[in-house]
Amino acid sequence: MSIKVGIPRGLWFYDYYPLWKTFYECLDAEVIISKPTNRKILDQGVKNTVDEACLPVKIFNGHVIDLKDRADYIFVPKMMSAYEREYICPKFCGLPEMVLHSIEGLPPLIDVEINFNKSRKNMADTIYKFGFYIIKDKRKINRAYCEALKNYRDYKNAIKKGILPIDGDLTEINGGKIYDRKIKKIMVIGHTYNIYDSYSSMNLLNKLKKNGVHIIVPEMIGFEHINRHAATLDKKMFWSFGRKLLGTSIYLAETRDVDGVIYISSFGCGIDSIIQYLFEKKSRKEGEIPFLLLTIDEHTGEAGINTRIEAFLDMIEWRKRYENNISTYG
Ligand code: SF4
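Residues numbered from 1 in each chain as written. Predicted model: local features only at pLDDT ≥ 70, side-chain atom pairs only at ≥ 80, totals over all residues. Heavy atoms only, no water.

### Points about empty space enclosed by the protein
Here is step 1 of the chain: The final tally for this structure, using the stated rule, is 1 cavity of 30 Å³ or more.
Here is step 2 of the chain: If you add up the space inside the largest cavity, you get close to 40 Å³.
Here is step 3 of the chain: Around the largest cavity, the lining residues are Gly10, Leu11, Pro56, Ile59, Tyr193 and Asp197. (1 Å grid on protein atoms, 1.4 Å probe; cavity = no way out; pocket = protein on both sides within 12 Å on 5 of 7 lines; lining within 4 Å. Points joined across faces, edges and corners; volume = space filled by probe spheres on them.)

Structure follows, in structure tokens:
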């Protein structure tokens, strides 16, 4: 019987799940992904996490609970850094400890540290450590990782071409159609676990899609552009998320290639509170691009979010129709 590895559908999930799913499947493990976020997962997460934690961490804990009795291992790596000389949120670094502290009766966690600030040799050891939970054969682990990288690159290329991952499935949003100037082109930004989790984002992407919006996300611009623009900042941004978003905001202010920006932020997120302010300053004030901030937490009501989205789309419609006579503040 194959070993069951549970992958929680939260935090880094929408960035990396094709990589880790393929990796473990190539090692003959059975991969179980937690259910899409729902009321029960949210409630369990809220009940089993300290109040001060942000909503995405509470949701992540809810997903771990969903997998608790169905997996032999749960995949909760300790992510210190995803790029050299950069860091990610401290909550990612302490995630395995936080999960173990909050939830009782868990199977063992796959809690290997991922740290791109260490040497390349360390990265190879890291991959072996992930594989050793299933098998001790280094050659097989190498092969599984090469296959996983291939799938991961295909996934990232698909996003670049306009295919968005919603709830773990690649759902084609624009059907390959050529962009029509009459259609509103809106950039949706924020953490991937806020954008692509339909429950916590209150189905934002599908709502925009139903309104005929052409959705773009920073990954579609291309990292070469984002990195080049981020390099023009006075000081290097050492948070990977901040660098990605600020590079995007400078690019947008320069090209003015979208009709509006919607930023989804989590209540209680320290990084969002700074990045969202800087992003807004760049894109709205310097780029004159309409900007909508949606802050979500476990108490956010859908009706209020719907009204704000509708008003924002109407404002963009008017702005497009009557040229630039309406202010970027709506
Ligand atoms: S970056 Fe913000 S939302 Fe994400 S885990 Fe850290 S505190 Fe939470």
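Read on for the rest.
### A few points about the packing of helix H12 (residues 240-255) against helix H13 (residues 270-286)
In a pair of packed helices, the angle between the axes and the distance between the axes together describe the arrangement.
Here is step 1 of the chain: At a closest axis distance of 9 Å, the pairing of H12 and H13 adopts a crossing angle of 10°. Overall, the two elements H12 and H13 adopt an arrangement that is roughly parallel. Contacts between H12 and H13 involve Phe241, Gly242, Leu245, Leu246, Thr248, Ser249, Ile250, Leu252 and Ala253 on the former and, on the latter, Ile271, Asp272, Ile275, Leu278, Phe279 and Lys282.
Here is step 2 of the chain: Among the residues making up the contact of H12 with H13, the classes are represented as 10 nonpolar, 3 polar and 2 charged. (Axes fitted to C-alpha atoms, helices over the stretch in contact; angles between N-to-C directions. Helix = DSSP H or I, 4+ residues; strand = E, 2+ residues; numbered from the N terminus. Parallel < 35°, antiparallel > 145°, perpendicular 65-115°, else oblique. Contact = heavy atoms within 4.5 Å. Nonpolar A, V, L, I, M, F, W, Y, C, P; charged D, E, K, R; others polar.)

### Topic: the domain arrangement of the chain
Here is step 1 of the chain: By the assigned domains, the chain splits into domain 1 (4-157) and domain 2 (163-321).
Here is step 2 of the chain: Averaged C-alpha coordinates put domain 1 and domain 2 at centres separated by 26 Å.
Here is step 3 of the chain: Counting residues at the interface gives 28 residues for domain 1 and 25 residues for domain 2.
Here is step 4 of the chain: Looking only at domain 1, the three residues that lose the most surface to domain 2 are Tyr14, Leu55 and Glu86, adding up to 27% of its buried area.
Here is step 5 of the chain: Linking domain 1 with domain 2 are 1 salt bridge.
Here is step 6 of the chain: Between Arg243 and Glu86 there is a salt bridge whose closest N-O contact spans 2.3 Å.
Here is step 7 of the chain: At the surface where domain 1 touches domain 2, the tally comes to 5 residue pairs in polar contact (both at pLDDT 80 or more). (Domains from an automatic or database assignment. Buried area = accessible area lost by both parts, 1.4 Å probe. Salt bridge = Lys/Arg side-chain N within 4 Å of Asp/Glu carboxyl O. Polar contact = N/O pair within 3.5 Å; in protein donor to acceptor, adjacent residues only side chain to side chain.)

### Observations regarding the sheet that holds strand E11 (residues 260-266)
Here is step 1 of the chain: Taken in spatial order, the 4 strands of this open sheet run E10-E9-E11-E12, and their pairing is parallel. In the strand order of this sheet, the two ends are held by strand E10 (214-216) and strand E12 (291-296), each with one partner. Averaged over all neighbouring strand pairs, the angle between strand axes comes to 25°, with direction disregarded.
Here is step 2 of the chain: Against the sheet, H13 contacts strand E9 (185-189), E11 and E12, and its axis sits at roughly 170° relative to E11. (Pairing = 2+ DSSP bridges.)

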